[in-house]
2 protein chains.
Amino acid sequence: MNDKKASQSELAGIGRRKFLNTAALAGLTVGVAACNDKPAASAAPSAAAPAAAPAAHAASEVGKYEVAPGQLDEYYSFSSGGHSGECRIYGLPSGRLFKRIPVFNMDCLVGWGVTNESKKILGTKPDGSLKYHTGDTHHIHPSYKDGTYDGRYMFVNDKIHGRLARIRMDTMETDKIVELPLVQGFHGTFPDKRDPVDPAINYTTRVFCGGEFAIPLDNNGKNMDATADYRSIFSCVDAESMEVRWQVLVDGNCDLVASSYDGKLACTNQYNTENGVHYEDMMSAEMDACLFFNIARIEEAVKAGKFKTYGGSKVPVVDGTKAGNPDPKTSLVCYVPVGKNPHGVNASPDGKYYACSGKLSPTATLIEHDLVLKWFDGDLKDAREAVVAEPEIGLGPLHTGFDGRGNAYTTLFLDSQIVKWNVEAAIKSYKGDKTAQPVVDRLDVMYQPGHGFTSMGETKDADGKYFLSDNKFSKDRFLPVGPLHPETAQLIDISGDKMKLVADHAVYSEPHDSIIVPRNLVRTRQVYDIDEFPNAVKDAKDCRVERKGKKVTVYLTSQAPTFGLREWTVKRGDEVTIILTNLDKVEDLTHGLAIPKYDINFIVNPQETKSVTFIADKPGVYWAYCTNFCHALHLEMRSRMLVEA
Amino acid sequence: MNDKKASQSELAGIGRRKFLNTAALAGLTVGVAACNDKPAASAAPSAAAPAAAPAAHAASEVGKYEVAPGQLDEYYSFSSGGHSGECRIYGLPSGRLFKRIPVFNMDCLVGWGVTNESKKILGTKPDGSLKYHTGDTHHIHPSYKDGTYDGRYMFVNDKIHGRLARIRMDTMETDKIVELPLVQGFHGTFPDKRDPVDPAINYTTRVFCGGEFAIPLDNNGKNMDATADYRSIFSCVDAESMEVRWQVLVDGNCDLVASSYDGKLACTNQYNTENGVHYEDMMSAEMDACLFFNIARIEEAVKAGKFKTYGGSKVPVVDGTKAGNPDPKTSLVCYVPVGKNPHGVNASPDGKYYACSGKLSPTATLIEHDLVLKWFDGDLKDAREAVVAEPEIGLGPLHTGFDGRGNAYTTLFLDSQIVKWNVEAAIKSYKGDKTAQPVVDRLDVMYQPGHGFTSMGETKDADGKYFLSDNKFSKDRFLPVGPLHPETAQLIDISGDKMKLVADHAVYSEPHDSIIVPRNLVRTRQVYDIDEFPNAVKDAKDCRVERKGKKVTVYLTSQAPTFGLREWTVKRGDEVTIILTNLDKVEDLTHGLAIPKYDINFIVNPQETKSVTFIADKPGVYWAYCTNFCHALHLEMRSRMLVEA
């Protein structure tokens, strides 16, 4: 409606939105699937007769956001993959998918879940099989230094099994995974940006983890009816050791997580402060909360032994419930009331504010950092006084990005829009200035946006160039591919006064959150250091078979276009370990090793070493072959594993 | 060199190519990794200072191949995923990835390898766990009718474990998998296009499968030294039942597969006709072969009982070796000699020719269909007389696509080029016409192309619009993402006289082969039919828990934003089966079900039913939640599974 060139469909959207704004809010909370109305009404896509949707950007701008052959993208986007269990690296503005990073999922291409090294990171059962094959990555955030990304690590959660993973940013591979005790439904995560006490530590040393589902603290199947005793847990993991440092018992269900720029606070928005176990109970209260954790006080409490442990876990758990913290001056946690069932909390790049979205309230709540600190000092009567603005922005507000120029951009799930609102105008309006107009622009997206984020918007270097809207429904935006549609990542240029939709990128389900990082902040290695691998086979001459009883080790190298052994012989029933080092040093010259019927499949990058262990339970000739096209004689790159009967 | 605007890097490439053309061929065959020279020489990519590569298409064409927001692609591309074990659906020209189709891999997002239904298709061990977790898809081809795609099925191979999978094209999901007996390294596959005998059957009823690795026919670990007795097997699978109809024992190693337009012949190019087990033996002969199978004769032989069975398999195996087929008039197989270690055979859209590439010979061999039939009639002295052209086209020729206008486009792995050559000119030149110039254009690609294919080029409707070059090395073409680079799928406009590079698409490793299909040939369903699932829970009122001894069945429905049961109770040690039907009918309204610590994760599309079975071995409260963002109250869509101690 702010764009005079608005198409018919956009105008139709306005009518619908106005209706919802005035009439549908009450219905929503009793479960009317309002968000289904629009998709249902849109015509089913037909490949033969595609929708003649107009290009969203004017003819003069055609090609402006195109990345021509041979050109490089300006930005990386690192994205979670939802219940695919992985993470992904895209280029922007092109939307090219550069890499999938296997995290909690199996990826037989790289051998994730196949090799000994990856199994050790993923965790195994006593019989050596993987403990879990599934995961649900929602939020991915890199480590910080001086308030911006330092290119060391990225951290990502697994909602299903309550795990936190770390990805090395030099190799873009997962290197550690920890399972959080007492946690089910680990949702939001965020690293800290500096130490709350030691000014020399101006970089990430902690990662905060919001536990969503409340369960009995001793979840042993004997106390399941005492639902009032169910609790959620907020956790702190050491960024280096990846061990859980401490946990906090809270009221309500943690959702998203953010951290302050001064290191003093972590926060999480909460729905179901009612502690309900049924749907309608989770929505009965008119207000929920945004919780702020006083990191220094929590760590003092742990140091002073003021904690308990539960259910066999040795991790100290402090009491962060309201009942356990009656006095702000000693409280570990500050509960700031916000609109109903919020989904999303984001810190502004200047470090001053947190925007917490309403979801079932058409508002975003703006909380001032200094006022929260004031509450902890006992200088505020009520935590609600930390709220400095609460603009009405539209239906189903979820996540907010900032442009570094004083504007916030919030996804509106129900309205299928991005709303741009001005922070200072919102504060003025909240103070009673009726001339202040917080909302400055709206843009329709297709359809139902979940997460949205700005380029560098989670750092002090927010550059206000792009906003990416990860939409949950693509419907008619792409050629149909059966019942499972892709989602849309819509790229929006936010550098001007008006938001401009510049690209529809199709994405495999289901990115929840991402970050956009300029290319100069990422420094990867293209070739491994052979000395990093203690078991490396450093010379083709070292290839051999060693036997100790029934345990056989095959030392193997790859160098295009041959493996270091033409054949190796083992006996049926042997426990065989193959250690493979790729001696090729040329960038991009990756080899693979697959063994038919033995379910072995993995790659080795230049100068990398990987290993697999298996029982040689099938006698016969098995051709171990290179899977990763490496050379004109790639097909001929194969060796025989001979398993004697 | 054909383009006056050739950049410096292109010019450098010419120098290198000329050198290779004149000097490096001999060296190649003794294992000099000539293909590594170019990548090694190129500078390592630096994200901070990207290569200032010029856009390949002129400024006037900027945006011509862009698919603006709201616009739909013209073509689908269906692509294999190599050792990722999956297939993929892209849009062209945009390069957008619409869908991953899990085939031989696990995909925890959709529950492939998790649900009972997918486990049944994938195959399990006696303990119920998956038989294989890995696969290596190389070639994907749809079913035919009247010489073009009919939109029913796609077939794709697994090289590792010797399996053929079928994908339904209405839902784009894998529905059957068969493991071929006696086969290791199942490489090429192609459906037939009509029946060789019955003219009424003008559609696909057979799928041909080329077995690559030669192994002992009884692979029992007792005869492994008798390498001269190792054999490869060519198989025929019934397209409907997906059972193996018959197999053929052959000399040499089958590689790619093609089928004739009249249904009479299937063919496979062969390397290692020497039957060597060592690298240098596989390359000792100057010529290898392209094999043609006489389908009608083979099926008569099977009918007449002229077959054997091996190694416990009941599939009839006929003898297709040279020794077993001395007389062309009764021969089942015709061995046409072609250049050294060929890689690739493709039928021309007019049904007249097969192009078989040299790989270690700088030639493509053109074989005439009618002449092969003549050989089978005893009317050719020598099978080599079926060759009608053998143009010298460049170094490392692999795969050929056709434009339907009489031109062929072959990938040159070593030259990093696509070469366009004219079929009639090649035939004239072969006949001695020195004025005939087969090669009409060359285009550098980045780098080392493997497969290349034209839009509809494997059908009689080849439209000559696009060629896609799936390159094995991307090097400096994209932002660096660590040691594992993406590959490049470069889109080339072939509609004019000169090839034009129009887009660099990044692809996750490792597409081997793909097809390009206009959107009007694909007709998918967006919503399932609930009646297709015999175990569907058709009404939320039918949700319940049924117990028979220790076997418990949970009947469950999903309808945004709730599951049909708020909680269900089982006992520790129960074998629990959850059957979940998604009652939502709205297109794109998919739900998911994940259960923490129980490693359960899958989605249900609108009106679909899926199930999982597990042992309830962990007591306590477990929140089963919806993983697929479905509604504003998606987070609240969760139910409790109570496992009594």
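Residues numbered from 1 in each chain as written. Chains lettered and ligands numbered in written order. Predicted model: local features only at pLDDT ≥ 70, side-chain atom pairs only at ≥ 80, totals over all residues. Heavy atoms only, no water.

For chain A, an unreviewed UniProt entry supplies the name Nitrous-oxide reductase and the organism Simplicispira suum. Listed in UniProt under the heading Subcellular location (unreviewed entry), the comment for chain A reads: "Periplasm". The annotation that UniProt attaches to chain A under Catalytic activity (unreviewed entry) is "N2 + 2 Fe(III)-[cytochrome c] + H2O = nitrous oxide + 2 Fe(II)-[cytochrome c] + 2 H(+)". (UniProt positions renumbered as here; feature names shortened; annotations may be inferred.)

Caption draft 1: Structural context of the overall build of chain A. Helix and strand counts for chain A come out as 6 helices and 39 strands. Radius of gyration (C-alpha) of chain A: 27 Å, near the 26 Å computed for a compact globule of 645 residues. Dimensions of chain A, computed from the C-alpha atoms along their principal axes, are close to 85 × 65 × 50 Å. Looking at the 645 residues of chain A, the share that counts as buried comes to 69%. Taking contacts inside chain A between residues at least 6 apart in sequence as the whole, the part at least 24 apart equals 60%. When the accessible surface of chain A is split by element, carbon and sulfur atoms take 51% of a total near 20,500 Å². (Helix = DSSP H or I, 4+ residues; strand = E, 2+ residues; numbered from the N terminus. Rg over C-alpha atoms; globule rule 2.2 N^0.38 Å. Buried < 20%, exposed > 50% of the residue type's maximum accessible area, 1.4 Å probe, protein only. Contact = heavy atoms within 4.5 Å. Areas by Shrake-Rupley, 256 points an atom, 1.4 Å probe, with all protein chains shown as cover.)

Caption draft 2: Here's a closer look at the interface of chain B and chain A. In this complex, chain B contributes 169 residues to the contact, which on the side of chain A involves 168 residues. Here chain B and chain A share an interface that buries about 14,200 Å² over both sides, 60% of which is from carbon and sulfur atoms. Our enumeration of links across chain B and chain A arrives at 8 salt bridges. Of the charged contacts, one joins Glu 636 of chain B and Lys 359 of chain A as a salt bridge, the two residues approaching to 2.9 Å between their closest N and O atoms. (Buried area = accessible area lost by both parts, 1.4 Å probe. Salt bridge = Lys/Arg side-chain N within 4 Å of Asp/Glu carboxyl O.)

Caption draft 3: View of the pattern of salt bridges. One pass over the full model with this rule turns up 74 salt bridges over all chains. The residue Asp 175 of chain B makes a salt bridge to Arg 166 of chain B at a minimum N-O spacing of 3.0 Å. On the accessibility criterion, Arg 166 of chain B (3% relative accessible area) is buried. Each member of the salt-bridge network shares a partner with another, and the members are Asp 192, Asp 195, Arg 206, Asp 238, Arg 245 and Glu 299 of chain A.

Caption draft 4: Summary view of the relation of the copies chain B and chain A. Mapping chain B onto chain A calls for a screw motion: a turn of 180° about the axis and a shift of 0.0 Å along it, with 0.0 Å RMSD after fitting. The superposition operator between the copies reduces to a two-fold rotation axis. Residue Gly 63 of chain B, judged by its C-alpha, is the member of chain B lying nearest the rotation axis, at 2.2 Å. Most of the interface of chain B is mirrored in chain A, where 99% of its interface residues are also at the interface. (Least-squares fit on C-alpha atoms with pLDDT ≥ 70 in both.)

Caption draft 5: How the structure looks around the pairing of strand β8 (residues 184–191) of chain A. Residues and elements named next belong to chain A. Of all 8 residues that make up β8, 8 are buried, and the element is covered over most of its length. Across 5 bridges, β8 lies against strand β9 (residues 206–213) in antiparallel orientation. For Thr 189, the partnering residue across the bridge sits in β9 and is Cys 209. (Pairing = 2+ DSSP bridges.)

Caption draft 6: Molecular detail of the sheet that holds strand β5 (residues 148–158) of chain A. All names here are of chain A. If you trace the 4 strands from one edge of the open sheet to the other, you get β4-β5-β6-β7, paired in antiparallel fashion. Of all the strands in the sheet, the pair left with one neighbour each is β4 (140–145) and β7 (173–179). Recorded for the sheet is a direction-independent mean angle of 30° between the axes of neighbouring strands. Two elements, β5 and strand β6 (residues 163–168), share 6 bridges in a ladder whose sense is antiparallel. When the sheet's bridge partners are listed, Asp 158 is paired in β6 with Arg 163. (Axes fitted to C-alpha atoms, helices over the stretch in contact; angles between N-to-C directions.)

Caption draft 7: Highlighting helix α6 (residues 423–430) of chain A. Every buried residue belonging to α6 of chain A is among Val 423, Ala 425, Ala 426 and Ile 427 of chain A, and all of these are buried. For α6 of chain A, the secondary structure elements touched by its buried residues are β18 (353–357), β19 (364–368), β20 (387–389), β21 (397–402), β22 (407–412) and β23 (417–422) of chain A.

Caption draft 8: Quick look at the UniProt feature "domain: Cytochrome oxidase subunit II copper A binding" (unreviewed entry) in chain A. In this structure's numbering, the residues bearing the UniProt feature "domain: Cytochrome oxidase subunit II copper A binding" (unreviewed entry) are residues 547–645 of chain A. From the first C-alpha to the last, residues 547–645 of chain A spans 17 Å; its make-up is 0% helix and 57% strand.

Caption draft 9: Spatial organisation of the environment of Tyr 310 of chain B. Residues and elements named next belong to chain B. Among the secondary structure elements, Tyr 310 is positioned in the loop between α4 (295–303) and β15 (317–319). Considered as a pair, Tyr 310 and Pro 216 are 94 residues apart in the sequence and their alpha carbons are 10.0 Å apart. Non-local contacts of Tyr 310, meaning those with residues more than four positions away in its chain, are made with Leu 182, Leu 217, Asp 218, Leu 249 and Val 317.

Caption draft 10: Spotlight on the packing of aromatic side chains. For the coordinates displayed, the defined rule picks out 36 aromatic pairs over all chains. The rings of Phe 208, Phe 234, Trp 246 and Phe 293 of chain A are connected pair by pair, giving a single aromatic cluster. Note that Lys 159 of chain A overlies the ring of Tyr 625 of chain B, its terminal NZ or CZ placed 4.5 Å from the centroid. The lysine or arginine in question, Arg 166 of chain B, covers the ring of Tyr 153 of chain B, its NZ or CZ lying 4.1 Å from the ring centre. (Phe/Tyr/Trp six-rings, centres within 6.5 Å; stacked < 30°, edge-to-face > 60°. Lys NZ or Arg CZ within 6 Å of the ring centre and 35° of its normal.)

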